[in-house]
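Commentary on secondary and tertiary structure
Each chain, written out:
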Amino acid sequence: MNSPHLNTIMIYAKNMKNTAEFYQKYFAFQGSSDVIEGLIELNQTNGSIQLLIHQAAKSIKMGQANIKLIFSVENIDIYKQESADRGLVFGATHQANGYQFSNTKDPDGNSVSISSRVYRQVASV
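This report concerns the structure included in the present document. (Residues numbered from 1 in each chain as written. Predicted model: local features only at pLDDT ≥ 70, side-chain atom pairs only at ≥ 80, totals over all residues. Heavy atoms only, no water.)

Here strand β5 (residues 68–72) shows one buried face, formed by L69 and F71, and one open face, formed by K68, I70 and S72. Judged from the 5 bridges that link them, β5 and strand β8 (residues 111–115) form a sheet pairing that is parallel. Within β8, the residue paired with L69 across the bridge is V112. (Buried < 20%, exposed > 50% of the residue type's maximum accessible area, 1.4 Å probe, protein only. Helix = DSSP H or I, 4+ residues; strand = E, 2+ residues; numbered from the N terminus. Pairing = 2+ DSSP bridges.)

Structure, rendered in structure tokens:
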């Protein structure tokens, strides 16, 4: 039996090109901003995840807290500074159980976070 695995996330956007440029500029996704078959396809350089940007219907209410994209970064403060230098400001850095995270929004109001959770040192018992 094949186990399913998540490899694609679809984002509904008011302005597809602006949303694609946001993820290309700040999160190193690659691809053109060309709309092909109604979608803009972006891929991470390591091929682990694909974003599909789709035109949002007028009836979709943007910016709801239905989904949050979380990007793993080893050093929150360095990434926040590098992002700020390029024009993206994150909120306060929050300390959790052995890791930090910080939040922002994409051009459509979707929640986006950076987190060092995958890099935390888990105490052995």
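This part covers the nonpolar core. Counting residues in each nonpolar core, the largest one holds 24 residues, and the members touching the most others are Y23, F27, F29, L42, I53, F71 and I114. Elements with a contribution of two residues or more to this core: β1 (8–13), α1 (16–27), β3 (39–44), β4 (50–55), β5, α2 (76–86) and β8. No other element matches α1, which puts 6 residues into this core. Residues within four places of F27 in sequence aside, it is in contact with F22, F71, Y79, L88, F90, V112 and I114. (Core = buried A, V, L, I, M, F, W, Y, C linked by side-chain atoms within 4.5 Å. Contact = heavy atoms within 4.5 Å.)

Relative to each other, α1 and α2 sit at 130 degrees, their axes nearing to 10 Å. Taken together, the axes of α1 and α2 are oblique relative to one another. Residues K25, Y26 and F27 of α1 form the contact with α2, whose own contacting residues are Y79, S83 and R86. Residues that form the contact of α1 with α2 fall into these classes: 3 nonpolar, 1 polar and 2 charged. (Axes fitted to C-alpha atoms, helices over the stretch in contact; angles between N-to-C directions. Parallel < 35°, antiparallel > 145°, perpendicular 65-115°, else oblique. Nonpolar A, V, L, I, M, F, W, Y, C, P; charged D, E, K, R; others polar.)

Mapped onto the elements, N18 comes out in helix α1. Judged by its relative accessible area of 40%, N18 falls in the partly exposed class. Here the alpha-carbon distance between N18 and P107, two residues 89 residues apart in the chain, equals 7.0 Å.

Bringing the packing of aromatic side chains into the picture now. Applying the stated rule across the entire model yields 11 aromatic pairs. Ring centres 6.1 Å apart and planes at 80 degrees place the aromatic pair F29 and F71 in the edge-to-face group. Of this pair, F29 sits in strand β2 (residues 29–30) while F71 sits in strand β5, placing them 42 residues apart in sequence. Assessed through its relative accessible area of 3%, F29 is described here as buried. According to the relative accessible area criterion, F71 is buried, its value standing at 12%. Among the aromatic side chains, those forming a connected cluster through ring pairs are F22, Y23, Y26, F27, F29, F71, Y79 and F90. (Phe/Tyr/Trp six-rings, centres within 6.5 Å; stacked < 30°, edge-to-face > 60°.)

What follows concerns α1. Between its first and last C-alpha atoms α1 spans 16 Å; for 12 residues at 1.5 Å apiece the expected length is 16 Å, and the two agree. Those residues of α1 not exposed but buried are M16, T19, A20, F22, Y23, Y26 and F27. Seen from one end, α1 has its buried residues packed into an arc of 160 degrees, which puts them on one side. Capping of α1 at its N-terminal end is provided by N15; its side-chain oxygen lies 3.2 Å from the backbone amide nitrogen of K17. Phi turns positive, to about 60 degrees, at A28, one or two residues after α1. (Expected span 1.5 Å × (residues − 1). Arc of directions from axis to C-beta. Polar contact = N/O pair within 3.5 Å; in protein donor to acceptor, adjacent residues only side chain to side chain.)

What follows is about the sheet that holds β5. Taken in spatial order, the 4 strands line up as β5-β8-β7-β6 in an open sheet, and their pairing is mixed. Edge positions in the sheet fall to β5 and β6 (94–95), since each has one partner strand and no second. The sheet contact formed by strand β7 (residues 100–105) and β8 spans 5 bridges and is antiparallel. By the bridge assignment, F101 is partnered in β8 with S115. Across the sheet, α1 is in contact with β5, β7 and β8; its angle to β8 comes to roughly 10 degrees.

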